[in-house]
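Remarks on the overall topology
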Amino acid sequence: MVFASLEFLTLFLPAFLIVHTLSPARWRNAVLLVASWIFYGWWSPILLVLFICLTLVGWVGGLAIDRSGTDRQRMRTLIVFIGVNLGILCWYKYANIVVETIDSVRGWTGALPLEWERVVLPIGLSFIVLQSISYLIDVQRRDVDADRSLIQFGAYQAMFVHLIAGPIIRYEWVRHELRARKVDWAQFASGARRFMIGMSMKVLVADTLAPLVDLAFALPAPSLADAWLGCLAYSLQLFFDFAGYSAMAIGLGQMLGFHFPENFNHPYLARSIQDFWRRWHLSLSTWLRDYLYIPLGGNRLGALRTYVNLLLTMSIAGLWHGGDNWNFLLWGMAHGLALTGARLWADAHLPAVPALLSRVLTLAFVMLAWTLFRAHDFAAALAMYRGQFGMNGLALTSALAFAMRPAHGLAILLGIAGVMAPALAQARVRVPPRVLARVDAAWPVAGFVLSFGLITSRGAVPFLYFQF
């Protein structure tokens, strides 16, 4: 079940909100836990068992660390439970690609492929594991107390509002609201508005561009126009899909009395690659900083170690994203090299790049790197790169020209306007405040109604980050 589906909008969400609202405060975590398990089990009842086991591992792990005597014992217990989490993640995420890689090597010697039944990746597994690890580390560091209530911890771990694609919520951020939370009409209405905005981002822009992106990345020899149109469409699709999900998650959380941090801050307007990672997928970038980069030594152990830590952290971030091919690792390494290069530039005291040029170069690098991220394999990425550098001709090919519809152009224009929203916001000061207030109040509702109509006609489209 996805947020942008009829069963969620017309059945699950209304029923849950009624039951949650009418339940006594002391029962609301139990209601949230059961509803979240139904939400997850809707996709796969069998993998729900795995999900419940992960919840138990996190809860028991926290208690075990808390009851360990010395700091050394706490660390040993932490390593054991992190190992369990990572073992499960690696099996489901990387078993297929390891076998495929072994088969490729065996193929050079003429050996037959190994008999293998592909492992199905549970949706949201990467997010669940990172959330569990952050909780265990926080308990080990004594930043939070171990939660002794299985229902309360389960509600935190299973919360359907952000379960599938984040934001990655740390226990510390919501522990007080898990124990007692208040919801008033103003907060509920604000959350509903945010949910409708996220739905509009997802359906009107991301889902509309999806067929165009699929076609562009499937072309065997895209031209320069094909490749850059496909890259632009994918850059917009990914942002509006993921940021739309985050907006819906934040809005749903607000409707229930939770306050989640923002996950995006206009990333395509970043002034540098460092600035990009301070704006894109904030819950992941801060997780990597606090639980990986800084423990590795951060920038405290000299320049060379800083460069190594940057490259290692981003490579692991790439591995975390994908298990279907090695493109995600290459994407992470590319960002690690870019961050290292920017650091070297600053350390060498080279002159600063003009602001506008720096923004353009940053966006160009990010879009080129998205090509690796989106392509099915390395060969497909190379085909797109040949097109992006004009090696297959310049003009739009007939395959993409015939597939283009006015809706695609409108979605691209809407997406670009959304990306440029801060600049447009400065320009709109000339609009009378009364008109501006009415537009701000009306457009999320209009966007939601239109999105609902599109969902009924073309069905639900899964979120891109479900695969992670």
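This structure is a prediction, so every number in the text was calculated from the model and none was measured.

The subject of this paragraph is a nonpolar patch on the surface. On the surface, W345, L350, V353, L357 and L361 cluster together to form a nonpolar patch covering roughly 440 Å² of accessible area. By the element assignment, L350 lies in the loop between α13 (327-347) and α14 (355-374).

Turning next to helix α7 (residues 171-179). Every buried residue of α7 is accounted for by Y171, V174, R175, E177 and L178. Summarising the contacts, the buried residues of α7 are in contact with α2 (28-43), α5 (125-140) and α6 (150-158).

All chains considered together, the criterion is met by 40 aromatic pairs. Centre to centre, the rings of F258 and F260 are 6.1 Å apart; their planes meet at 25 degrees, and the pair counts as stacked. Here F258 matches F260 in class, with each residue buried. These aromatic residues form a ring-pair network of at least three members: F239, F240, F242, F264, Y268, F276, W277, W280, F328, W331, W370 and F373. The cationic tip of K93 hangs over the ring face of W320; the distance from NZ or CZ to the ring centre is 5.4 Å.

As a further point, take the packing of helix α9 (residues 224-256) against helix α15 (residues 378-388). Packed helices, taken two at a time, are described by their axes: the angle between them and the distance between them. Contact pair α9 / α15: the axes reach a minimum separation of 7 Å and the direction vectors enclose 115 degrees. In terms of crossing hand, the pair formed by α9 and α15 is left-handed. Of the residues in α15, those touching α9 at L224, A227, W228 and C231 are M384, G387 and Q388. Residue composition of the contact of α9 with α15, grouped by class: 5 nonpolar, 2 polar and no charged.

The next point concerns the packing of helix α8 (residues 185-218) against helix α17 (residues 406-419). It is at 9 Å that the axes of α8 and α17 come closest, and there the two elements cross at 130 degrees. Classified by the interaxial angle, the pair formed by α8 and α17 is oblique. Considering only the axes of α8 and α17, their crossing is left-handed. Each of L204, V205, T208, L209 and L212 in α8 lies in contact with α17, whose residues at this interface are A407, H408, A411, I412, L414 and G415.

Right, let's get into the pattern of salt bridges. A complete count under the given rule lists 12 salt bridges for this structure. With a shortest N-O distance of 2.9 Å, K202 and D207 are connected by a salt bridge. The class for K202 is buried, based on a relative accessible area of 0%. Using a relative accessible area of 8% as the deciding quantity, one classes D207 as buried.

What follows is about the side chain of R28. Positionally, R28 belongs in helix α2. No salt bridge is formed by the buried R28; its nearest oppositely charged neighbour, D184, is found at 11 Å. Within the structure, R28 has its side chain in polar contact with the backbone oxygen of S23 (distance 3.2 Å). Discounting chain neighbours no more than four positions away, the residues touching R28 are H20, T21, S23 and R181.

Before going further, it helps to spend a moment on the domain arrangement of the chain. Parsing the chain into structural domains produces domain 1 (6-181) and domain 2 (188-466). Summarising the inter-unit geometry, the C-alpha centres of domain 1 and domain 2 are found 25 Å apart. Between domain 1 and domain 2 we count 1 salt bridge in total. Elements that contribute at least two residues to the side of domain 1 that touches domain 2 include exactly α1 (6-22), α4 (71-108), α5 and α7. In terms of residue count, α1 provides more of the side of domain 1 that touches domain 2 than any other element does, 8 residues in total.

The rules behind these values
Residues numbered from 1 in each chain as written. Predicted model: local features only at pLDDT ≥ 70, side-chain atom pairs only at ≥ 80, totals over all residues. Heavy atoms only, no water. Patch = residues over 30% accessible without salt bridge, like charges linked within 9 Å, V, L, I, M, F, W, Y side chains within 5 Å. Areas by Shrake-Rupley, 256 points an atom, 1.4 Å probe, with all protein chains shown as cover. Salt bridge = Lys/Arg side-chain N within 4 Å of Asp/Glu carboxyl O. Helix = DSSP H or I, 4+ residues; strand = E, 2+ residues; numbered from the N terminus. Buried < 20%, exposed > 50% of the residue type's maximum accessible area, 1.4 Å probe, protein only. Contact = heavy atoms within 4.5 Å. Phe/Tyr/Trp six-rings, centres within 6.5 Å; stacked < 30°, edge-to-face > 60°. Lys NZ or Arg CZ within 6 Å of the ring centre and 35° of its normal. Axes fitted to C-alpha atoms, helices over the stretch in contact; angles between N-to-C directions. Left-handed = near helix turned anticlockwise from the far one by under 90°. Nonpolar A, V, L, I, M, F, W, Y, C, P; charged D, E, K, R; others polar. Parallel < 35°, antiparallel > 145°, perpendicular 65-115°, else oblique. Lys, Arg positive; Asp, Glu negative; His and termini not counted. Polar contact = N/O pair within 3.5 Å; in protein donor to acceptor, adjacent residues only side chain to side chain. Domains from an automatic or database assignment.

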